[in-house]
Amino acid sequence: MKILVQKYGGTSVGTIEKIQNVAKRIISNKKKGYKMVVVLSAMGDNTDKLLEMAYELSDNPPKREVDMLISTGEQVSISLLSMALNEAGYAAISLTGSQVGIKTVGNHMKSRIADIDDSTLRKHLKHDKIVIVAGFQGINENSDITTLGRGGSDTSAVAIASKLQCPCEIYTDVDGIYSLDPRVYPKAKKLDSISYEEMLEMASLGAGIMHGRAIEIGQKYNIPIYVASSMGDKQGTTIKESDKTMESTAITGLAIDNNDAMITLSYVPYSIKVTAEIFDRLANKDVNIDMISQTSPRDNTVNISFTVPTNELTEAKEVLSFFESKYPQIGLSINERITKLSVVGIGMRSQSGVAARIFVLLANADIEVDMVTTSEIKISYVINTQDQQLAVKTIAEEFNL
Ligand code: ADP
Ligand code: ASP
Ligand code: MG
C-alpha cells in the first residue's frame, strides 16, 4: 500500500475556498495512486478564539476543560474537508484523535503521544477511504481529550507517518523553511534541506514553523519531513538526517524568541543553598527557567539573572516576593523587552570562532549583550528588543543567511 500523510495548517484551511483547494490537492495525489491520510489544524485562528473565550471566563480555567474546548477547532475543519471530498465523489472519513487511537501521556495542554493504535486507520485505508484526522489532539489513560501544545498538529502528522512508515508532508503558508523567519527578515534564503538536529534546535529556540516534538519523532523513526506551501507547487524544504554538505556552513539558521523576560536579582547572599532555594521554589511553581547567569561574588553577594517565559511571570513574581521579604537586601528588576537571538548550525562542531565573530559584529553595531549560552550546535544571545532588527540584519548579511 503506497501511503502518504499530508498535514495542512490553520491558514491553509482558513476558509471554505481554502478547504476546497486542499481537497483538490488531495484528489490529485489520490489520482497518482496514494492512499491518503490527511491531518488538519483548526481553521485560521480558531484555536486563539476558543482560548480567548476560556480566559474571559477565568484566569485559570481547568486545563482538562480547556482541552475539551480547544480540541473542537480541529473537528470543524476535518468534517468540512471530508464533506468537500465526498461532494467531489471521493470517499472520505473524518476521525478525532481518540477515534484514530492517538494515546497520550502527560499534562493537559502539553501532552505527548505515547502510541497510536493504527488498526482503524488501516481499515479505512484498505477500504480506499481518504482518512482525515484531527491534529493536535489525543486521548489519555482516563479517556479524557488532551492536546499536544500549540502547533501540535505537525506532531500528529509525523507520529502517524512514523507509525505507518510512510512519507510525511507539511503544507503551510510559507514555501519552505528559511534560514530565519521571512516575516522578520524578508531577504532570508530558503533551505533545500535541514538536519533534524538543527530544526529541533530552531524549533525549541522560537522558530514557529514546526512543532519541536514532530522533529524528535521524525528523527527517531527516520521519517523525512517535507515542508512546503499549500498554494502552488514550489519546491519546499526536506528535514532529514544530516549529510556532509550541511556541515560545511557554520550557521544554517537564526531563531528569534520574544516570549521571555529577564529577571535580575542583585545582592543575593553568596550561598549555593540560597541559589538552590530560589530555583527550587520556581520549579515547584512550574516556572520554566531558560538561561541563567551569575556574577562572581563581591562582598559575599552575587547577582543572578535568568529568563522565564513572559506568561509565567506572575508565578515567578510570587516566588520572588517571598525572597525579597526573606532577604531584604535583595534587589529585583524585570526586563520584558528582551529578545533571545540564537544561531544554529551543525557546522559549528568543526568550525571555531563563530561566537567571537558575532561578538565583534554586535560590538561594531553598538549592541549590548545581556546573556550568552552555547551548546555544541547553537549560540544564544539575549539583547534588548530595540536592537533586534539591526542584530538580525548584521548577522544575516555576514553569514549569508
Ligand atoms: P501552520 O498554521 O501552517 O502550522 P505556522 O504559523 O505554525 O503555520 O508556521 C508558519 C509560519 O512560521 C510562517 O508564516 C513563518 O512566519 C513562521 N516561521 C518562523 N520561522 C520560520 C522559518 N525559519 N522559515 C519559515 N517560516 C518561519
Ligand atoms: N490548532 C492548534 C493551534 O493553533 C494546533 C496547530 O495548529 O497545529 O495551536
Ligand atoms: Mg504550525
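Bear in mind the structure is a predicted one, so any value in this text is a computation, not a measurement.

1. Concerning the overall build of the protein chain
(1) Moving on: When helices and strands are counted, the protein chain shows 13 helices and 20 strands.
(2) Moving on: For 401 residues, the compact-globule estimate of 2.2 N^0.38 gives 21 Å, and the C-alpha radius of gyration of the protein chain, at 23 Å, lies within 12% of that figure.
(3) Moving on: Referenced to the eigenvectors of the C-alpha coordinate spread, the extents of the protein chain come out at roughly 80 × 50 × 35 Å.
(4) Moving on: For the protein chain, the residues scored as buried account for 52% of the 401 residues in total.

2. Brief notes about the UniProt feature "binding site: substrate" (unreviewed entry) in the protein chain
(1) Moving on: Mapped onto this structure's residue numbering, the UniProt feature "binding site: substrate" (unreviewed entry) falls at T47 and E74. In three dimensions, the annotated residues from a span of 28 residues occupy one location, with a maximal C-alpha spread of 8.6 Å.
(2) Moving on: Looking at the secondary structure, you find T47 in helix α2 (residues 46–57).
(3) Moving on: T47 gets classed as buried once you look at its relative accessible area, which sits at 8%.
(4) Moving on: Here T47 is in contact with A42, I70, F136 and R150, once residues within four sequence places are set aside.
(5) Moving on: The contact partners of E74, leaving out residues within four places of it in the chain, are L40, S41, A42, A134, G135, F136, Q137 and S153.

3. Thoughts on the site of ligand 2
(1) Moving on: Looking at ligand 2, the residues that line it are S41, A42, T47, E74, F136, R150, G151, G152 and S153.
(2) Moving on: Between T47 and ligand 2, the recorded distance is 2.8 Å, taken from a side-chain N or O atom to a nitrogen atom.
(3) Moving on: In isolation ligand 2 has 260 Å² of accessible area, and contact with the protein removes 87% of it.

4. A look at the UniProt feature "domain: ACT" (unreviewed entry) in the protein chain
(1) Moving on: Per the UniProt record, "domain: ACT" (unreviewed entry) is found at residues 263–348.
(2) Moving on: Each end of residues 263–348 is marked by a C-alpha atom, and these two atoms are 30 Å apart; helix forms 31% of the span and strand 36%.

5. What to know about helix α7 (residues 196–204)
(1) Moving on: For α7, the set of buried residues is Y196, E198, M199, E201, M202 and A203.
(2) Moving on: Phi turns positive, to about 115°, at G206, one or two residues after α7.

6. Let's talk about the sheet that holds strand β15 (residues 292–294)
(1) Moving on: Strand order in the open sheet made by the four strands is β15-β16-β14-β17, with antiparallel pairing throughout. Either end of the sheet is taken by a strand with one partner, and the two such strands are β15 and β17 (331–335). With direction set aside, neighbouring strand axes in the sheet form an average angle of 15°.
(2) Moving on: The pairing of β15 with strand β16 (residues 301–309) spans three bridges and is antiparallel.

7. So, the packing of aromatic side chains
(1) Moving on: Inspection of every chain in the model, using the stated rule, returns five aromatic pairs.
(2) Moving on: Considering the side-chain rings of F279 and F306, the 5.2 Å spacing of their centres and the 70° angle between planes classify their relative orientation as edge-to-face. Linking F279 in helix α10 (residues 272–284) with F306 in strand β16, this pair joins segments that are 27 residues apart in sequence. There is no split in this pair, since F279 and F306 are both buried.
(3) Moving on: Connected via pairs of aromatic rings, a cluster forms that spans F322, F323 and Y327.

8. Considering the site of ligand 1
(1) Moving on: Near ligand 1 lie 16 residues; those nearest to it are T172, D173, Y178, D181 and R183.
(2) Moving on: At 3.1 Å, a side-chain N or O of K7 approaches an oxygen atom of ligand 1.
(3) Moving on: In this structure, R183 approaches ligand 1 through a side-chain N or O atom, which is 2.4 Å from an oxygen atom.
(4) Moving on: A total of 580 Å² of accessible area belongs to ligand 1 in isolation, and the protein chains cover 85% of it.
(5) Moving on: Along the lines of polarity and charge, the residues of the shell around ligand 1 split into seven nonpolar, five polar and four charged.

9. With respect to the pairing of strand β2 (residues 35–40)
Consecutive side chains along a regular strand alternate between the two faces of the sheet.
(1) Moving on: Counting buried positions over the six residues of β2 gives six, a clear majority of the element.
(2) Moving on: Alternating positions in β2 separate into two faces, K35, V37 and V39 on one and M36, V38 and L40 on the other, with burial throughout.
(3) Moving on: Sheet topology note: the strand β1 (residues 3–8)/β2 ladder contains six bridges and is parallel. Note on β2: the bridge partner recorded for K7 is V39.
(4) Moving on: Handedness of the β1-helix α1 (residues 16–31)-β2 crossover: right-handed.
(5) Moving on: Pairing of β2 with strand β6 (residues 130–134) involves four bridges; the strand directions are parallel. The residue bridging V39 from the neighbouring strand is V133, located in β6.

10. Focus: the packing of α7 against helix α8 (residues 212–221)
(1) Moving on: Relative to each other, α7 and α8 sit at 165°, their axes nearing to 8 Å. Between α7 and α8, the angle is such that the two are roughly antiparallel. Here α7 and α8 pass one another in a crossing that is left-handed. In contact with Y196, E197, M199, L200 and A203 of α7, α8 contributes G212, I215, E216, G218 and Q219.
(2) Moving on: For the contact of α7 with α8, the per-class residue count stands at five nonpolar, three polar and two charged.

Conventions adopted
Residues numbered from 1 in each chain as written. Chains lettered and ligands numbered in written order. Predicted model: local features only at pLDDT ≥ 70, side-chain atom pairs only at ≥ 80, totals over all residues. Heavy atoms only, no water. Helix = DSSP H or I, 4+ residues; strand = E, 2+ residues; numbered from the N terminus. Rg over C-alpha atoms; globule rule 2.2 N^0.38 Å. Buried < 20%, exposed > 50% of the residue type's maximum accessible area, 1.4 Å probe, protein only. UniProt positions renumbered as here; feature names shortened; annotations may be inferred. Contact = heavy atoms within 4.5 Å. Near = heavy atom within 4 Å. Polar contact = N/O pair within 3.5 Å; in protein donor to acceptor, adjacent residues only side chain to side chain. Areas by Shrake-Rupley, 256 points an atom, 1.4 Å probe, with all protein chains shown as cover. Pairing = 2+ DSSP bridges. Axes fitted to C-alpha atoms, helices over the stretch in contact; angles between N-to-C directions. Phe/Tyr/Trp six-rings, centres within 6.5 Å; stacked < 30°, edge-to-face > 60°. Nonpolar A, V, L, I, M, F, W, Y, C, P; charged D, E, K, R; others polar. Right-handed = clockwise from strand over helix to strand, strands pointing away. Parallel < 35°, antiparallel > 145°, perpendicular 65-115°, else oblique. Left-handed = near helix turned anticlockwise from the far one by under 90°.

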